[in-house]
Amino acid sequence: MNSSQKKRLSLVAGGVVICGAAVALVMNAFEENLVFFFSPSQVAAHEAPEGRAFRIGGFVQEGSVVRQQDGVTVRFEVTDTAHSVPVTYKGSLPVLFKEGKGVVAQGKLMNGTFVADQVLAKHDENYMPPEAEKAVKEAHEKAHAKNAKKEL
């Protein structure tokens, strides 16, 4: 191999290494920003990742909202009617946040409590995120099937 072929080969090899590094960085950033949705039933079944960001959705459990003395921390429970998950959030809640209404929270599960860094309330009376609506429907169906078995 002469020197011009060696230079060309080293340039091609360098380009491949640089492209590979760029692809690896993009894939890593994509994976870190990918946020999955889980229902309270899935969290109770340990299907949600501990310590990794995800979204949880359902309804704010009636009577579960407790504001802490610091004035910014709120504790509440998200339910799909079959299971409930305690949520802690520090910050200002959306105006539409209310007990019994739909909610989606983003954060991490830590020691059985969902620590939210973002809370979203539904926009109107008829809207619920599709994932949350599906989770609630599945929970209702499971509860109905369970009650039907008990009656037999």
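Use the structure listed above.
Student: What's the story with the packing of aromatic side chains in this structure? I'm lost.
Tutor: For any pair of aromatic rings, geometry is given as the distance between the ring centres together with the angle between the planes. Applying the stated criterion to the full structure yields three aromatic pairs. Geometrically, the ring pair formed by phenylalanine 38 and phenylalanine 54 is edge-to-face, given 5.2 Å between the ring centres and 85 degrees between the ring planes. Of this pair, phenylalanine 38 sits in strand 1 (residues 36-38) while phenylalanine 54 sits in strand 2 (residues 54-60), placing them 16 residues apart in sequence. Side by side, phenylalanine 38 and phenylalanine 54 carry an identical accessibility label, which is buried. Site record: aromatic cluster; members linked through ring pairs are Phe38, Phe54 and Phe114.

Student: Can you walk me through unusual backbone geometry in this structure?
Tutor: When glycine is set aside, most residues are seen to have a negative phi, and most peptide bonds are trans. Not every positive phi belongs to a glycine, and threonine 81 is a case in point at roughly 80 degrees. With respect to the helices, strands and loops of the structure, threonine 81 is situated in the loop between strand 4 (73-79) and strand 5 (84-90). Among the residues examined, threonine 81 registers a relative accessible area of 43% and is labelled partly exposed. We note that asparagine 111 has phi near 55 degrees; this positive angle belongs to a residue other than glycine. Positionally, asparagine 111 belongs in the loop between strand 6 (102-110) and strand 7 (113-121). Its relative accessible area of 77% is what places asparagine 111 among the exposed residues.

Conventions adopted
Residues numbered from 1 in each chain as written. Predicted model: local features only at pLDDT ≥ 70, side-chain atom pairs only at ≥ 80, totals over all residues. Heavy atoms only, no water. Phe/Tyr/Trp six-rings, centres within 6.5 Å; stacked < 30°, edge-to-face > 60°. Helix = DSSP H or I, 4+ residues; strand = E, 2+ residues; numbered from the N terminus. Buried < 20%, exposed > 50% of the residue type's maximum accessible area, 1.4 Å probe, protein only.

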